[in-house]
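# Residue-level structure breakdown
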Amino acid sequence: MRRSRWGLLVVAALAVGIAARASFLVWSPLPATLDGFRYARLADHIVATGEVLGAGVESDEVVTTLLLGIGSEVTGLRPLYLAQPLVACIGGASVLAGIVLVRGLGRARDWPARRTFHASVVAALGLAVSGMYLRRTGVPDEEALALLFLPLFALASHRALASRRVAWAVSAIVIGLVYPPTHNMSSLVAAFTLTGLVVVHVVTARSRRDVAVPLLAGGAFWAYFFGYFLAAEYLGLKLTYSGLLSDHLGAFLAWLVVLVVGLVWLRSTSPRAIHSLFGVSIGSWFVAATANLFIPVFPGTIQTPPLVLGLAGLYIVPVALFAWWLPSVVRDGGDVPVVVALLVGPVALSWFTFSTSLSPEFFDAVMRVQVHAHIAVFVLAAAGTVGLAATRPRIGRAVVLALVLASVLSAPFAFVHLDTGTAPRTVHSSEFAAVSFASTNGVYASDHRLARPGPQYYGDVSRAVGPTRTWLEGGPPPNCLTLAQRAWSTDGAHFYPTPPKTLDSARFEQWHEQGNLVYSVGGTTETYVVAPLDSANGC
């Protein structure tokens, strides 16, 4: 097959991937996630002072902050308005992993070039537009960069262990070094993924050296992972998600053992056993999501809105397809172990976060970790469906169409609020103008969505979410400057990951009329900043 067709596929995949992630800009030029405002402030600090570790940077914010600050210097754009276009390019580039991994899988199975090409198209499209992956790679968050690194790290590590070539080893080492300063949770995913690769290389080893080298490589990365964060803590840098390991070390080690033993078992068991394992394992996630429609699985957190459940339900198609085809490739050589490790590593870590504690922190962790498995899911689903189309054209083409439709139709998942199912979830310019005005007071009350951008971007601002929640639950309004929206009476106010609250329209009008209105703005919804007539006690 002509190379020009592969070049065209790369360009098309990049274009679709970037365009899907840039679509947030249709609603607002601002970051489409609240953490993006913090990164904008940290990057502003770098541009103004040249200091990297100033302004309270956390241990896993270093790389993303540096990248945004350098990008601002190169383009001349303020970090606040560069963050979203920059992440659209980073997240869009990550879809190319689908093409690279499918090509490696095709070589390992000695596929015709045409079949490999068609499978690459389906995999790249799935990663470009599927809602959950688009959600995590389309917002200015350190995870978008980490998801770009993950397949590169896994592929470089595998080829370094398989070929002992210095170039691959250096590539793996460089990516591994930047992982912890990029994101600690994603570093843990990378460590689980590398552990999966080590297991494959050990069980297929032909000499003692073939056993020792992978074990040393895996041990070195784990040592660096823990060493980095111990050093960061010693230097006074804040650690996010630190309680996930320190408070549950026994469960963590147990799931690491499950990963090792489970991968050895996968390579030796029957296809029916693999189908049963993943059918029960991943099927239980869909059961939990459905049950969450009626009662929170994680107590005190949100219930699943029907729209969100419907969009998530579309993932039954790619998940069923990858689970059906996995037994066919789990023992293959070439680059196939990379795909398998990219699947079992995140799945094992997801089960650790899901089974260890039903707390809001673990709820947020499982929502983030499971997305890392989507790369392998879409690669395996695409390869399996295109392979089926080659042997049984009528059925195979119908299955390919089902996979493509499920991917495309799930795209709105990226743009909705998970607690209310409303869209879009980005902060509009008019809303940020109200936040900026309220921040001049030094402290203001609002819901989670509008209380965070002030302190995140301006730094020396205090937010008060508790008094707002009390008000919406029937108590008195906050006794300080309050930023509220008329949409709180219809869509509800956001307190993610805890459930949203709705304010009765009559009580909203009473607050609006009896307080001292100091700022108002229109836009997608009316936003007001009201000061109480007597705010002696404050929030």
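The model shown is predicted, which means the values in this text are computed figures rather than measured ones.

## Section: the overall build of the protein
- Secondary structure summary: the protein contains 25 helices and 7 strands in total.
- A globule of 539 residues ought to have a C-alpha radius of gyration of about 24 Å, and the protein, at 24 Å, matches this closely.
- C-alpha atoms of the protein, sized along the principal axes, occupy 80 × 55 × 50 Å.
- Counting across all 539 residues of the protein, residues that qualify as buried make up 55%.

## Description of the packing of aromatic side chains
- Considering all chains together, one arrives at 35 aromatic pairs under this definition.
- Taking the centre distance of 5.5 Å and the plane angle of 55° together, the rings of Trp27 and Phe415 count as tilted. Note that Trp27 is positioned in the loop between helix H1 (3–22) and helix H2 (35–49) and Phe415 in the loop between helix H20 (393–409) and helix H21 (429–439), a separation of 388 residues in sequence.
- Judged by relative accessible area, Phe415 falls into the buried class, the value being 13%.
- Geometrically, the ring pair formed by Tyr457 and Tyr458 is edge-to-face, given 5.0 Å between the ring centres and 80° between the ring planes.
- One aromatic cluster is present, formed by Phe192, Trp222, Tyr224, Phe225, Phe226, Tyr228, Phe229, Phe252, Phe352 and Phe362 through successive ring pairs.
- Over the ring of Trp6 we find Arg103, and its NZ or CZ is 4.3 Å from the ring centre.

## Here we look at the pairing of strand S6 (residues 516–521)
- Pairing analysis gives 5 bridges linking S6 to strand S7 (residues 527–531), with the strands arranged antiparallel. Residue Tyr519 lies in a different strand from S7, and its bridge partner there is Val529.
- The antiparallel hairpin formed by S6 and S7 contains 5 residues in its connecting segment, where Gly523 sits at a positive phi of about 95°.

## Things to note about the packing of helix H3 (residues 62–75) against helix H4 (residues 79–94)
- Closest axis-to-axis distance for the H3/H4 pair is 10 Å, and the angle between their directions is 105°. If you check the angle between H3 and H4, you find them roughly perpendicular. Contacts between H3 and H4 involve Leu67, Leu68, Gly71, Ser72 and Thr75 on the former and, on the latter, Pro79, Leu82, Ala83, Leu86 and Ile90.
- Considered class by class, the residues forming the contact of H3 with H4 number 7 nonpolar, 3 polar and no charged.

## Looking at unusual backbone geometry
- Omega for the bond connecting Ala423 with Pro424 falls within 30 degrees of zero, at -5°, which places this linkage in the cis form.
- Position of Pro424 among the secondary structure elements: in the loop between H20 and H21.
- Following Tyr496, the chain continues to Pro497 via a peptide bond in cis, the omega torsion being 10°.
- Despite not being glycine, Asp110 shows a phi value in the positive range, around 55°.
- Looking at the element boundaries, Asp110 is found in the loop between helix H5 (96–108) and helix H6 (113–129).
- Judged by its relative accessible area of 68%, Asp110 falls in the exposed class.

## A few points about the nonpolar core
- Counting residues in each nonpolar core, the largest one holds 112 residues, and the members touching the most others are Tyr179, Phe192, Phe278, Phe322, Leu343 and Leu380.
- If one sorts the elements of this core by residue count, helix H17 (residues 336–356) sits on top with 14 residues.
- In terms of nonpolar packing, the next biggest core, distinct from the first, is built from 18 residues, Phe37, Ala40, Val427 and Val435 among them.

## A closer look at the pattern of salt bridges
- In total, this model carries 16 salt bridges according to the counting rule given.
- Asp141 serves as the salt-bridge partner of Arg136, at 3.9 Å between the closest nitrogen and oxygen.
- The residue Glu473 makes a salt bridge to Lys501 at a minimum N-O spacing of 3.3 Å. In this pair, Glu473 is assigned in the loop between helix H24 (466–472) and strand S3 (482–485) and Lys501 in strand S5 (residues 498–501), connecting sequence segments 28 residues apart.
- Salt bridges here are not isolated pairs; linked through shared partners, they connect Arg136, Asp141, Glu143, Asp364 and Arg368.

## Focus on a nonpolar patch on the surface
- On the surface, Val203, Val257, Val260, Val261 and Val264 cluster together into a nonpolar patch covering about 370 Å² of accessible area.
- In terms of residues, the nonpolar patch owes the most to one element, helix H13 (residues 249–266), which gives 4 residues.
- Take Val264: it is sitting in helix H13.
- For Val264, a relative accessible area of 37% translates into the label partly exposed.

## Observations regarding the packing of helix H16 (residues 316–329) against helix H19 (residues 374–391)
- Interaxial distance between H16 and H19 falls to 8 Å at its minimum, and their mutual angle equals 75°. The orientation of H16 relative to H19 falls into the category roughly perpendicular. Contact residues: Pro318, Val319, Leu321, Phe322, Trp324, Trp325, Leu326 and Val329 in H16; Val377, Phe378, Leu380, Ala381, Ala383, Gly384, Thr385 and Leu388 in H19.
- Class assignment of the residues belonging to the contact of H16 with H19 gives a composition of 14 nonpolar, 2 polar and no charged.

## Some remarks on the confidence of the model for the protein
- Looking at the protein, pLDDT values average 91 and 98% of them are 70 or higher.
- Mean pLDDT across the elements of the protein bottoms out in helix H12 (residues 243–246) (68) and peaks in H4 (97).

## What to know about the pairing of S7
- Burial within S7 is extensive, with 5 of its 5 residues counted as buried.
- The two faces of S7 match: Thr527, Val529 and Ala531 on one face and Tyr528 and Val530 on the other face are all buried.
- Sheet topology places S3 next to S7; 4 bridges connect them, and they run antiparallel. From the neighbouring strand, Thr482 faces S7, where its bridge partner is Val530.

## Some words on the environment of Asn184
- Residue placement: Asn184 occurs in helix H10 (residues 184–203).
- The spacing of Asn184 and Ala146 is 38 residues in sequence and 9.6 Å in space, taken between C-alpha atoms.

## What about the side chain of Arg38?
- Structurally, Arg38 is set in helix H2.
- By relative accessible area, which is 13% here, Arg38 ends up buried.
- Setting aside its immediate chain neighbours within four residues, Arg38 contacts Gly56, Val57, Glu58, Glu61 and Gln456.

## What about the environment of Ala167?
- Along the chain, Ala167 turns up in helix H9 (residues 166–182).
- For the pair Ala167 and Ala156, spaced 11 residues apart in the sequence, the C-alpha separation amounts to 8.9 Å.

Thresholds applied
Residues numbered from 1 in each chain as written. Predicted model: local features only at pLDDT ≥ 70, side-chain atom pairs only at ≥ 80, totals over all residues. Heavy atoms only, no water. Helix = DSSP H or I, 4+ residues; strand = E, 2+ residues; numbered from the N terminus. Rg over C-alpha atoms; globule rule 2.2 N^0.38 Å. Buried < 20%, exposed > 50% of the residue type's maximum accessible area, 1.4 Å probe, protein only. Phe/Tyr/Trp six-rings, centres within 6.5 Å; stacked < 30°, edge-to-face > 60°. Lys NZ or Arg CZ within 6 Å of the ring centre and 35° of its normal. Pairing = 2+ DSSP bridges. Axes fitted to C-alpha atoms, helices over the stretch in contact; angles between N-to-C directions. Parallel < 35°, antiparallel > 145°, perpendicular 65-115°, else oblique. Contact = heavy atoms within 4.5 Å. Nonpolar A, V, L, I, M, F, W, Y, C, P; charged D, E, K, R; others polar. Core = buried A, V, L, I, M, F, W, Y, C linked by side-chain atoms within 4.5 Å. Salt bridge = Lys/Arg side-chain N within 4 Å of Asp/Glu carboxyl O. Patch = residues over 30% accessible without salt bridge, like charges linked within 9 Å, V, L, I, M, F, W, Y side chains within 5 Å. Areas by Shrake-Rupley, 256 points an atom, 1.4 Å probe, with all protein chains shown as cover. pLDDT = per-residue confidence, 0-100.

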